[in-house]
Amino acid sequence: MSKCWHLVPRSSSRAASAKDIVRFIPKKPREGINVSDVHPLAEASTLILGLTAIFVAVALLLIFIIEVALYFVPATTEAELFADWMPEDLIAVSPGDNRLHQTQLLVDRLASHWAKAPYKFRVEVDDSEMANAMALPGGLIIVTQGLLDEVESENELAFVLGHELGHFRNRDHLRALGRGIVISLFFTVITGNDVAGLGIKATDITLRGFSRKQESKADEFGLAVVYAEYGHVREASRLFERWDNADSNKRAFISYLSTHPQPGDRVDDLQAIADRDGWPSDGPITPLRWN
Ligand SMILES: [Zn+2]
């Protein structure tokens, strides 16, 4: 007889005693066994927070990728891509507006001192009483009616425009574009609009402003352009002197100040640049051509 002890069921090897038998007593599950101990509102907010964090992370990554990629796009390609682009929130004055025409002519004259500029600069005047000026993709310069109301000589306006040209020169204007695109994309998805009609808003792009260093580099370029045009830098910072002395009611209408350095500091910095480079602070003032 072969040994097959390992096949012998354990229970048959010894008699089952009464204490070995565990009786199954059916019990009702405790109340709410399928309900988490965490309050549903807390669970929902954890979920929302998690999704928000994921969304923000993806958005930041997208912004980063777009902004890095844009630095590798040549300015000529950027100019072609955005040749006819207009920000969605622009309320442009009529194309026949005299101040628009004169500002365009002034930009063209100033830009002529920038040899081989890759942009064909386009000026648009926004019908807003808030004084502001901005550089946007493709060589688009927006000035507001509010800004044109503020300037008292062509020399004042020329410096503001020259400064914006400086942002193009350093390609600062691309810095916030990724953010503008991503914000627009987000609202397009939320509102279910057609992505093809992606409306990028100027305010999304320019809200953040530039770094102090970018601003002072743009100021240097702007002042150089003004000197090249007029042979002196008189009145280049006159507008900022007035704004520096403006009261808070007046300042509330100067949105330019929220995206640019303090006007008083700029007056001093511009004077220092003029002194350093030997650019005269005296010379004839050119009146505005629409007065
Ligand atoms: Zn600036």
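Here is what the cut-offs are and how they apply
- Residues numbered from 1 in each chain as written.
- Predicted model: local features only at pLDDT ≥ 70, side-chain atom pairs only at ≥ 80, totals over all residues.
- Heavy atoms only, no water.
- Helix = DSSP H or I, 4+ residues; strand = E, 2+ residues; numbered from the N terminus.
- Contact = heavy atoms within 4.5 Å.
- Phe/Tyr/Trp six-rings, centres within 6.5 Å; stacked < 30°, edge-to-face > 60°.
- Buried < 20%, exposed > 50% of the residue type's maximum accessible area, 1.4 Å probe, protein only.
- Core = buried A, V, L, I, M, F, W, Y, C linked by side-chain atoms within 4.5 Å.
- Donors = N, O, S within 2.8 Å, 3.2 Å for Na, K, Ca; no water.
- Axes fitted to C-alpha atoms, helices over the stretch in contact; angles between N-to-C directions.
- Parallel < 35°, antiparallel > 145°, perpendicular 65-115°, else oblique.
- Left-handed = near helix turned anticlockwise from the far one by under 90°.
- Nonpolar A, V, L, I, M, F, W, Y, C, P; charged D, E, K, R; others polar.
- Patch = residues over 30% accessible without salt bridge, like charges linked within 9 Å, V, L, I, M, F, W, Y side chains within 5 Å.
- Areas by Shrake-Rupley, 256 points an atom, 1.4 Å probe, with all protein chains shown as cover.
- Salt bridge = Lys/Arg side-chain N within 4 Å of Asp/Glu carboxyl O.
- Pairing = 2+ DSSP bridges.

You can see Thr103 is positioned in helix α4 (residues 98-111). Residue contacts for Thr103: discarding those within four places in its chain leaves Val123, Val143, Leu148, Leu157, Leu161 and Trp290.

For the coordinates displayed, the defined rule picks out 12 aromatic pairs. On the numbers, 6.1 Å between centres and 50 degrees between planes, the contact of Phe240 with Trp243 is tilted. Taken together, the residues Phe240 and Trp243, both in helix α10 (residues 238-244) and three residues apart, mark about one turn of the helix. The residues Phe240 and Trp243 share a single accessibility class, namely buried. An angle of 15 degrees between the planes, with centres 6.2 Å apart, marks the rings of Phe240 and Tyr256 as stacked.

To continue, consider the nonpolar core. Counting 48 residues, the largest nonpolar core has Phe121, Leu147, Leu157, Leu223, Phe240 and Trp243 as the members making the most contacts within it. For this core, the element with the most residues is helix α6 (residues 154-169), which contributes seven residues. When neighbours within four sequence positions are excluded, Phe121 is seen to be in contact with Gln104, Val107, Asp108, Ala111, Trp114, Gly139, Ile141, Leu165 and Phe168. In this structure, Ile63, Ile66, Leu70 and Ala202 belong to the second largest nonpolar core, which totals 17 residues.

Here we come to the coordination of the zinc ion. On the protein side, the zinc ion has His163 (NE2), His167 (NE2), Glu215 (OE), Glu215 (OE) and His260 (NE2) as donor atoms, found 2.0 to 2.6 Å from it. The motif formed by the donor residues of the zinc ion, counted along the single chain, is H-x3-H-x47-E-x44-H. Highlighted residues: Glu215 in helix α9 (residues 212-230) and His260 in the loop between α11 (248-251) and α12 (263-277), separated in sequence by 45 residues. Judged by its relative accessible area of 2%, Glu215 is buried.

With that settled, consider the packing of α6 against α9. Remark: α6 packs on α9, axes separated minimally by 7 Å, with the N-to-C direction vectors making an angle of 130 degrees. Compared by their axis directions, α6 and α9 come out oblique. The way α6 lies across α9 gives a crossing that is right-handed. Residues Glu154, Asn155, Ala158, Phe159, Gly162, His163, Leu165, Gly166, His167 and Arg169 of α6 form the contact with α9, whose own contacting residues are Gln214, Glu215, Ala218, Asp219, Phe221, Gly222, Leu223, Val226 and Tyr230. Its residues assigned to classes, the contact of α6 with α9 shows eight nonpolar, seven polar and four charged.

Before going further, it helps to examine a nonpolar patch on the surface. A cluster of nonpolar side chains, namely Leu61, Phe64, Ile65, Val68, Tyr71 and Phe72, defines an oily patch on the protein surface of about 660 Å² accessible area. Along the chain, the position of Leu61 falls in helix α2 (residues 40-71). Given a relative accessible area of 51%, Leu61 falls into the exposed group.

Quick look at the sheet that holds strand β3 (residues 140-144) now. Overall, mixed pairing links the three strands, which are arranged β1-β3-β2 in an open sheet. Either end of the sheet is taken by a strand with one partner, and the two such strands are β1 (122-126) and β2 (133-136). The average angle at which neighbouring strand axes cross in this sheet is 20 degrees, direction not considered. Sheet analysis places β2 next to β3, joined by four bridges and oriented antiparallel. The residue bridging Leu136 from the neighbouring strand is Leu140, located in β3. Sheet strands touched by α4: β1 and β3. Its angle to β1, the strand with the most contacts, is close to 145 degrees. Along the sheet, α6 makes contact with β2 and β3, crossing β2 at roughly 25 degrees.

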